[in-house]
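# What the coordinates show
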Amino acid sequence: MGYMCNQQTQLLSKIATDNGHGENSPYFDGWKAYDSDPYHRIENPTGVIQMGLAENQLSFDIIEEWLLKNPKASICTVEGMSEFRDIAIYQDYHGLTEFRNAVAKFMGKVRGDRVVYDPNRIIMSGGATGAHELVTFCLADPDDAFLVPTPYYPGFDRDLRWRTGVQLLPVDCESSNDFKITRKALEAAYEKAQEEKIRVKGLLITNPSNPLGTVLDLETLKSIVTFVNEKNIHLISDEIYAGTVFGSPGFISVSEIIEEMECNRDLIHIVYSLSKDMGFPGFRVGIVYSYNDDVVNVGRKMSSFGLVSTQTQHLIASMLSDDEFVENFISKNSEKLSTRYKRFSSGLYKAGIRCLESNAGLFFWMDLRRLLKEPTADAEMALWRLIINKVKLNVSPGLSFHCSEPGWFRVCFANMDDETMEVALERIRSFVRKEVSAKRQRWQDNLKVRLSFGRLDDPHMRSPHSPMPQSPLVRART
């Protein structure tokens, strides 16, 4: 059997048999735990609740209402059937003109109409996953590297590395300043790469951040643009959560920054999708928006390997061309996310759980450091396994996000209904109460042990046969 497996392995390529897919991570192990025992209110009430998937299911009612009012938008309805033949045949891999126009306009709307996007710079791809890989192929060769501030989305290890052969080098950010990206941290990571003879081709940022749920401020963005210009390296700004901001401060796109300051625009590229802002991960609508003409040209050729179906383009073009719908959706979606965030954060607060203050995204960055038995990666993994197997919650450990400090976990809050949320919160509260009580008991037990040893050291408690402090025997031993 071993011989047959070895023979089969040799028949396949290196890329097919290596572990570069990155799925041997607790991030994906959590998904598997959920898939094998999914929670259901009636059929499996003790199952695992999925809190590791960043989906927005809160605003489907708004979209469903629009679909019912606009049946012609789909070629699969009686009303839309007249468009079927034109949409079903081969199309230019640049994308339908109406689709690119609608997406460019929507990108501007999400950014408060402070930026105008050129439809001719839009490159289609199969979701943000495909968009990241496409732009990586355009910018770097195997063994080149991108700097990535931590903590960062675990999927980047697959999306940017697996098939491209590119390296990701962490830029360590710390909780002491809320994980902000500093020039000092960027310089340290860049200099380390130089010392190790690694060619750095770019910097990848996520704004709003996954997993932090925070937005980058103006000064940080300016510092980042200055950094990439001075080093003459590319900047990829992942902005797929731009439309999920539900509080202050507001979102600032890198597109706004390059309007305000001088820089080499050939170095600036944006990855966008409709998976998070619209809640359409299944539609696989990914976008690369590049200010580099050569990247646009070659990217469009590469996009033929992962196009968005014309049926999807047609529907999206109709939906996003409806200005009234877009305005209403952006506003109502923000309200729904804010309401869910407040309810969830209030529930965590009552359980004595602190989270990083955030105002965007579909998740919390939860601080469980006080529940660790020791501040190590092993202790974090032990706590995570306890949460998965006993509490039955799929939360994602900070280790899988390359967080340098053990004890942080990402918790998604927008992929469930209100009732499931309450069940999840009750499980968290119950777990924390038990863990805090057990930790307090361990502390008290240790204190008793220390006190008992302290009494033995008391001069009045000494054995009559013990040497006195002034004894030469004591002095000889010390």
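We now turn to the structure provided with this report. Residues take numbers from 1 onward in each chain, read along the sequence in its written order. The predicted origin of the model limits local features to residues at a pLDDT of at least 70 and limits the giving and counting of side-chain atom pairs to 80 or more, whereas totals for whole chains, interfaces and linings rest on all residues. Heavy atoms from the whole structure form the basis of all side-chain values; hydrogens and water molecules are not counted.

This part takes up unusual backbone geometry. Of note, the amide linkage connecting Thr150 to Pro151 takes the cis form, showing an omega dihedral of -5 degrees. Secondary structure is summarised from DSSP: a helix means a run of H or I of at least four residues, a strand means a run of E of at least two, and numbering begins at the N terminus for each. Position of Pro151 relative to the elements: it lies in the loop between strand 3 (145-149) and helix 8 (156-159). In this structure, Asn232 is a non-glycine residue whose phi angle is positive, near 55 degrees. Among the secondary structure elements, Asn232 is positioned in the loop between helix 10 (218-231) and strand 6 (234-238).

Moving on, we come to the packing of helix 9 (residues 183-195) against helix 10. Only C-alpha atoms enter the line fits that serve as axes; for helices the fit covers just the stretch in contact. Angles between N-to-C directions range over 0 to 180 degrees. Packing of helix 9 against helix 10 brings their axes to within 10 Å, and their N-to-C directions diverge by 30 degrees. Considering their axes alone, helix 9 and helix 10 lie roughly parallel with respect to each other. Classified by chirality, the crossing of helix 10 by helix 9 is right-handed. Taken together, the residues of helix 10 that come into contact with helix 9 (itself represented by Arg183, Leu186, Glu187 and Tyr190) are Ser223, Ile224, Thr226, Phe227, Glu230 and Lys231. Its residues placed into classes, the contact of helix 9 with helix 10 shows 4 nonpolar, 2 polar and 4 charged. Each angle is binned into one of four classes, with values under 35 degrees roughly parallel, values over 145 roughly antiparallel, values of 65 to 115 roughly perpendicular, and all other values oblique. Crossing handedness is read from the near helix: turned anticlockwise from the far helix by less than a right angle, it gives a left-handed crossing, and turned clockwise, a right-handed one. By definition, residues are in contact when any of their heavy atoms lie within 4.5 Å. Charged residues are taken to be Asp, Glu, Lys and Arg, nonpolar residues to be Ala, Val, Leu, Ile, Met, Phe, Trp, Tyr, Cys and Pro, and polar residues to be all remaining types, Gly included.

A few words on the environment of Thr77. Tracing the chain through its elements places Thr77 in the loop between helix 4 (60-69) and helix 5 (84-88). Residue Thr77 is classed as partly exposed on the basis of its relative accessible area of 21%. Residues in contact with Thr77, not counting those within four places in the same chain, are Pro71 and Lys72. Within the structure, Thr77 has its side chain in polar contact with the backbone oxygen of Pro71 (distance 2.6 Å). Within 3.5 Å is the distance limit for a polar contact, defined as a pair of N or O atoms, with the added protein rule that one can donate a hydrogen and the other accept it, and that residues adjacent in sequence qualify only through two side-chain atoms. Polar side-chain contacts of Thr77 include one of 3.0 Å to the backbone oxygen of Ser74. Relative accessibility thresholds used throughout: buried, under 20% of the residue-type maximum; exposed, over 50%; partly exposed, between the two (1.4 Å probe, protein chains only).

This paragraph deals with the pattern of salt bridges. Close approach of charged atoms allows side chains with opposite charge to pair. When a carboxyl oxygen of Asp or Glu is within 4 Å of a side-chain nitrogen of Lys or Arg, the pair counts as a salt bridge. Enumeration over the complete set of coordinates arrives at 28 salt bridges. A salt bridge links Asp141 to Arg199, with the shortest nitrogen-to-oxygen separation between them at 3.4 Å. With Asp141 in the loop between helix 7 (127-139) and strand 3 and Arg199 in the loop between helix 9 and strand 5 (200-206), this pair connects stretches of sequence that are 58 residues apart. Overall, the relative accessible area of 45% leaves Arg199 in the partly exposed class. The salt bridge involving Lys231 is made with Glu187; its shortest N-O contact spans 3.1 Å.

This paragraph deals with the side chain of His314. Within the element layout of this structure, His314 appears in helix 13 (residues 310-320). With sequence-adjacent residues up to four places away left out, His314 is seen in contact with Lys72, Ala73, Ile75, Glu83, Ile87 and Leu96.

Looking now at the sheet that holds strand 9 (residues 354-355). An order of 9-10-13-12 is seen for the 4 strands of this open sheet, with the pairing classed as antiparallel. Of all the strands in the sheet, just strand 9 and strand 12 (396-397) have a single pairing partner and so form its edges. For two strands to be treated as a pair, DSSP must find at least two bridges joining them. Judged from the 2 bridges that link them, strand 12 and strand 13 (residues 408-412) form a sheet pairing that is antiparallel. Paired with Ser396 across the strands is Arg410, a residue of strand 13. The strands touched by helix 14 (residues 323-350) within the sheet are strand 9, strand 10 (363-367) and strand 13, with strand 10 carrying the most contacts at an inclination of about 15 degrees.

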